[in-house]
Amino acid sequence: MREKIVFIGGGNMASAIIDGLLGQGRALEDFLVVEPYAPTREALAARGLACVELPGPGLGDAALCVLATKPQVLREACAQVRRHLPAEAVVVSIAAGVELAALSDWLGGHARIVRAMPNTPAKVGLGMTGLYATPACGPRERALADALFAAVGERIWTASEAMIDAVTAVTGSGPGYVFHFMAALEQGAVELGFAPAEARRLAVSAFRGAAALAAAEDAALSELQDRVTSKGGTTHAALSHMREAGVAEAIARAVHCARQRARELAAG
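Right, let's walk through the structure included here. (Residues numbered from 1 in each chain as written. Predicted model: local features only at pLDDT ≥ 70, side-chain atom pairs only at ≥ 80, totals over all residues. Heavy atoms only, no water.)

## Examining the overall build of the chain
The helix and strand tally for the chain stands at 11 helices and eight strands. Seen along its three principal axes, the alpha-carbon backbone of the chain occupies a region of about 70 × 40 × 30 Å. For the chain, with 268 residues in total, the buried portion stands at 38%. Carbon and sulfur atoms make up 58% of the accessible area of the chain, which amounts to about 14,800 Å² in all. Separation of charge centres in the chain, based on 25 positive and 27 negative side chains, amounts to 2 Å. (Helix = DSSP H or I, 4+ residues; strand = E, 2+ residues; numbered from the N terminus. Buried < 20%, exposed > 50% of the residue type's maximum accessible area, 1.4 Å probe, protein only. Areas by Shrake-Rupley, 256 points an atom, 1.4 Å probe, with all protein chains shown as cover. Lys, Arg positive; Asp, Glu negative; His and termini not counted. Charge placed at Lys NZ, Arg CZ, Asp CG, Glu CD.)

Here's what the structure looks like:
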């Protein structure tokens, strides 16, 4: 029997996961989306997905319930969900900064919960998701959650819930750092005389190629950097400037700032 998956919230990440699962052969009837925003609900329904405005008895046969709402409305959503949530269902939350203890409390003591931190490259099947499960989740529950995010990329299970904040800082927010660097590279290309469209293409290509090469190689990233850096050459000149400017240190500090903010959000 195929597991029914209910999404509470039908935004971008929910849509990405559904698309990934459909691409793996899941059927439209395997899903139910609870979405209060009418335009989003109508757009999902136009694709053939079952959509409702509020949680209801349809949750009763859900194997997985994915909490994909904004964190600020999650408590209210949980209050509505818990009236219909089966005890054996696995709840997966992708809300940043909301801890398992709070989720369990809001869900009336529900124990089978997994915290997940995916990132936006999930939209193109290249996501990275950090996962942590409550002790009540056994191999079956973990496998269900893992399969959910396998449809949109790679997964890493953390040894503690606190490490989900670290995942948030590195890969959850990571695409933002990369886009920041890409935008700077694009700007540099424009200043060298390229048209904006050409500059963007060059910047994106540099990152796409470098990332693919890094994924294909076992060598340390520092070694890959050395391979393209000839002493006294153009790359050497550019990297020397970055070192003098403290770029690497600033990026590492930025990651720590992101983790600290995740902790602050968790603390309320």
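## Looking at the sheet that holds strand β4 (residues 62-67)
Taken in spatial order, the eight strands make up an open sheet running β3-β2-β1-β4-β5-β6-β7-β8, and their pairing is mixed. Both edges of this open sheet fall to β3 (50-52) and β8 (153-157), since each of them pairs with a single strand only. Taken over all neighbouring pairs, the strand axes of this sheet differ in orientation by 25° on average, direction set aside. Inspection of the sheet shows strand β7 (residues 127-133) paired to β8 by five bridges, in the parallel sense. Considered in β8, the bridge of Gly127 is made with Gly153. Across the sheet, helix α3 (residues 74-81) touches β1 (4-8), β4 and β5 (90-93), and the angle it forms with β4 is around 160°. (Pairing = 2+ DSSP bridges. Axes fitted to C-alpha atoms, helices over the stretch in contact; angles between N-to-C directions. Contact = heavy atoms within 4.5 Å.)

## A few points about the layout of surface pockets
Leftover empty space is mapped by rolling, across the atoms, a probe with the size of a water molecule. A volume near 920 Å³ is recorded for the second largest pocket. Lining the second largest pocket are 37 residues, and of these Ala68, Thr69, Lys70, Pro71 and Ile94 lie nearest its centre. Counting residues per element, the ones that place at least two in the lining of the second largest pocket are α1 (12-23), α3, α6 (162-172) and α11 (247-267). Element by element, the count of residues in the lining of the second largest pocket is highest for α11, at four residues. Grouping the constituent residues of the lining of the second largest pocket by class yields 19 nonpolar, 12 polar and six charged. (1 Å grid on protein atoms, 1.4 Å probe; cavity = no way out; pocket = protein on both sides within 12 Å on 5 of 7 lines; lining within 4 Å. Points joined across faces, edges and corners; volume = space filled by probe spheres on them. Nonpolar A, V, L, I, M, F, W, Y, C, P; charged D, E, K, R; others polar.)

## Some thoughts on the environment of Ala252
Following the sequence through the fold, Ala252 ends up in helix α11. Counting along the chain gives 82 residues from Ala252 to Val170, while the straight-line C-alpha distance between them is 9.6 Å.

## Some thoughts on the pairing of β1
Within β1, five of the five residues are buried, which leaves it mostly tucked inside the rest of the structure. Note: β1 against β4, five bridges, orientation parallel. Each bridged residue has a counterpart across the sheet, and for Val6 the counterpart in β4 is Cys65. Judged from the four bridges that link them, β1 and strand β2 (residues 31-34) form a sheet pairing that is parallel. When the sheet's bridge partners are listed, Val6 is paired in β2 with Leu32. Handedness of the crossover joining β1 and β2 through α1 is recorded here as right-handed. (Right-handed = clockwise from strand over helix to strand, strands pointing away.)

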